[in-house]
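# Coordinate analysis (summary)
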Amino acid sequence: MNDILTLMTPRLLSFKNKKDGNFTRLLVLGIIGVIFWGGLFAVSLRLLSYFQSIEELGNILAWKLLSMVLVIYFSLLVFSSILTALSKLFLSKDLMLVHAMPVSSYKIFCARWIESAVDSSWTIIIFTLPVLISYGIIFKSGPFFYVLIIMVLLLLSIIASIISAMVVMVTVIIIPPGRIKSIFVFLGLLLFLLLYLAFRVIRPERLVDPEAFENFLSYLKILETPSAPYLPSTWAFDVIQASLTDVSHTLFLNLSLLAACACAMIFISLIIADAIYMKGVSKSQTARKTLRKPKVTKNPRILSFLPMHVQAYVIKEIKTFFRDQTQWSQIFLILALIVIYIYNFKVLPLERAPIKTVYLQNILAFVNIGLASFVLTAVTGRFAYPAVSQEGEAFWIVSSSPIRLKTFLWIKYFIYFVPLLVLTLVLIIATNILLQVSPFMMWLSIISILFIVPSIVALGIGLGAAYPDFNAENAAQAITSFGGLIFMMLAAVYITVVIVLEAGPVYRIFISGIYDQSISTARWVWIIGSFGLAALISIFTVIFSMKYGEKNLTKTSRRMK
């Protein structure tokens, strides 16, 4: 045990030092986390309160939701733990140093497994707690229930992480670790897309509307929760349900199953680790890719208007993107996002709304500008914001090249600006066609997006350059940093300001067109001023973001030299 604690000491000390040096960032992250946690708790509490107001069906809906939450929780844990365990056990940079120590391989495995289990589960646990706490409040449970749910989540996390670690250890013996990561990322993404599409197509919002079904029996059949008695998530569901309904014998039986399963899995994993873990580490180190002489390819004619050094860098960026499976595979996620986003507008029951369809269609079209902009922000945060950080330790080559950092950032900008503009225009135009909006609203949406997209992309590239993380192992780590949260907040503020500035003038022009009313000169001045101010804010956002990113990246480059 002392050896395991010694192996984990550097991680604990690094956390302590990081905490001392970044109090302001931790404070900002903590405030944002508390706000998000509170919002999730409020939504869960409101939803369960609504379920309880439905006689006889309320508890059935609550149990259905609880089973879905626990299955999703366990699934996310398994997938997250696979990638984290692979990185911690076989791909970490300090593996050779650690394995040179006079410690048994199974002890090293145990220390690394504990780190991966904590890294992969703490966020999921924190943001699952508000949902489960709301159950305790609605069902008026005692203090024991809140202790119990923490025990259940911890046991589920241990089981999921140890299963993932064993799968990774066995698979590394067969397949090189580099390929395993790509395979798991691709398969996980594919599974997520299939589940996401299936979940949206069945339209779960109908579960709170029995009138949407042909008869009551078909509604009850949909609500039936199939249970797999050998799944840990089923035992966890039975434990929580028994606690809420005061069925003590079922509670202790299923809690014992969870605890016994966790202990047995740990014991089996230590036996497997002692037998094959060192072989897997050795294989992962000897299977490193060797450097190959790069092939010289001609630049495409479409880039002939650019200087040669700029052409070379544009081609390098495109090739780097498509060589990384964790990057280009996200295109499938974007396509699924487009399909679901458009599908949601297709199934809107506009004819059942209390507002006239002609008003509702155009109101939704205007709101859709903001919704599409927030989708754009999420995609920008995943792709454009980490663009500078992905240069990694090789950034010194960029800073020493004949390309100025200003040109470097604008190359990054335009590489991501074009596809993101196409994506957002597709969302806006397709949904407006489905809504059958007026020509004015269609053109307003398109023009607004032509100002919003450049600003959001500039925020992503600029703040990504101002707060780079060249040690990040993947793009997802960059967006979860302090700079990534600043980008998300500023993008949300910018979108809100633009929508608020446009809301009044749009309403006035739309109402005037409906009732064939004339607009006074004073109101035209107000309308033009509001639209002009929104345009000026957008232009200022682009210029300031890029200059701010260039200034801070220049300082970073000088420190590296």
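Definitions and cut-offs
Residues numbered from 1 in each chain as written. Predicted model: local features only at pLDDT ≥ 70, side-chain atom pairs only at ≥ 80, totals over all residues. Heavy atoms only, no water. pLDDT = per-residue confidence, 0-100. Helix = DSSP H or I, 4+ residues; strand = E, 2+ residues; numbered from the N terminus. Contact = heavy atoms within 4.5 Å. Patch = residues over 30% accessible without salt bridge, like charges linked within 9 Å, V, L, I, M, F, W, Y side chains within 5 Å. Areas by Shrake-Rupley, 256 points an atom, 1.4 Å probe, with all protein chains shown as cover. Salt bridge = Lys/Arg side-chain N within 4 Å of Asp/Glu carboxyl O. Lys, Arg positive; Asp, Glu negative; His and termini not counted. Charge placed at Lys NZ, Arg CZ, Asp CG, Glu CD. Axes fitted to C-alpha atoms, helices over the stretch in contact; angles between N-to-C directions. Parallel < 35°, antiparallel > 145°, perpendicular 65-115°, else oblique. Nonpolar A, V, L, I, M, F, W, Y, C, P; charged D, E, K, R; others polar. Core = buried A, V, L, I, M, F, W, Y, C linked by side-chain atoms within 4.5 Å. Buried < 20%, exposed > 50% of the residue type's maximum accessible area, 1.4 Å probe, protein only. Polar contact = N/O pair within 3.5 Å; in protein donor to acceptor, adjacent residues only side chain to side chain. Phe/Tyr/Trp six-rings, centres within 6.5 Å; stacked < 30°, edge-to-face > 60°. Lys NZ or Arg CZ within 6 Å of the ring centre and 35° of its normal.

Here we come to the confidence of the model for the protein. With 74% of its residues at a pLDDT of at least 70, the protein reaches an overall mean of 77. Of all helices and strands in the protein, the one with the weakest mean pLDDT is helix α8 (residues 216–223) (46), whereas helix α17 (residues 439–466) scores best (91). Confidence drops under a pLDDT of 50 for residues 212–223, and excluding neighbours within four residues, the segment shows 20 contacts in the predicted structure. Here residues 289–293 is modelled with pLDDT under 50, and outside its nearest four sequence neighbours on either side it reaches zero contacts, counting other chains as well.

A word on a positive patch on the surface. Together, Lys551, Lys555, Arg558 and Arg559 give the surface a local cluster of positive charge. Note that arginine 558 resides in helix α20 (residues 521–560).

Another point: a nonpolar patch on the surface. Residues Trp443, Ile447, Phe451, Leu536, Ile539 and Ile543 make up a contiguous nonpolar surface patch of about 620 Å² in total accessible area. Among the secondary structure elements, those contributing two or more residues to the nonpolar patch are α17 and α20. Structurally, leucine 536 is set in helix α20.

On to the packing of helix α6 (residues 143–174) against helix α9 (residues 232–245). Relative orientation of the contacting elements α6 and α9 amounts to 175°, with a least axis distance of 10 Å. One finds that α6 runs roughly antiparallel with respect to α9. Mapping the contact onto sequence places Phe145, Leu148, Ile149, Val152, Leu156 and Ile159 in α6 and Pro232, Ser233, Ala236, Val239, Ile240, Ser243 and Leu244 in α9. Its residues assigned to classes, the contact of α6 with α9 shows 11 nonpolar, two polar and no charged.

Among the nonpolar cores identified, the biggest contains 66 residues, and Phe90, Phe109, Tyr135, Val152, Ile240, Leu258 and Tyr277 are the most heavily contacted of them. Counting residues per element, the ones that place at least two in this core are α1 (2–21), α2 (23–52), α3 (58–91), α4 (95–99), α5 (105–138), α6, α9 and α10 (248–286). Take this core: its biggest share by element is 15 residues, from α6. Beyond its immediate chain neighbours, meaning those up to four positions away, valine 152 contacts Ala236, Val239, Ile240, Leu255 and Leu258.

For the rest of this paragraph, the subject is the side chain of asparagine 432. Here asparagine 432 is to be found in helix α16 (residues 405–435). There is a polar contact of 3.3 Å between the side chain of asparagine 432 and the side chain of serine 445. For asparagine 432, the contacting residues outside a window of four places in its chain are Ala365, Asn368, Val437, Met441, Met442 and Ser445.

What follows deals with the pattern of salt bridges. Where charged atoms from two side chains of opposite charge come close, those side chains can pair. What the rule picks out here adds up to two salt bridges. Note that lysine 88 is salt-bridged to glutamate 115, the shortest N-O span being 3.5 Å. Placement of the pair is lysine 88 in helix α3 and glutamate 115 in helix α5, with a sequence separation of 27 residues. Glutamate 115 gets classed as buried once you look at its relative accessible area, which sits at 11%. Here lysine 88 and aspartate 119 are joined by a salt bridge, their closest N and O atoms 3.4 Å apart. With lysine 88 in helix α3 and aspartate 119 in helix α5, this residue pair connects regions lying 31 residues apart in the sequence.

Moving on, we come to the packing of aromatic side chains. Counted under the stated rule, the structure contains 13 aromatic pairs. Between the aromatic rings of tyrosine 413 and phenylalanine 414, the centroid separation amounts to 5.1 Å while the plane-to-plane angle is 90°, which identifies the pairing as edge-to-face. With a relative accessible area of 4%, tyrosine 413 lands in the buried category. Owing to a relative accessible area of 45%, phenylalanine 414 belongs among the partly exposed residues under this scheme. Three or more aromatic residues link up through ring pairs in this structure, and these residues are Trp410, Tyr413, Phe414 and Phe417. Taking the ring centre of phenylalanine 383 as reference, the NZ or CZ of arginine 382 above it sits at 5.4 Å.

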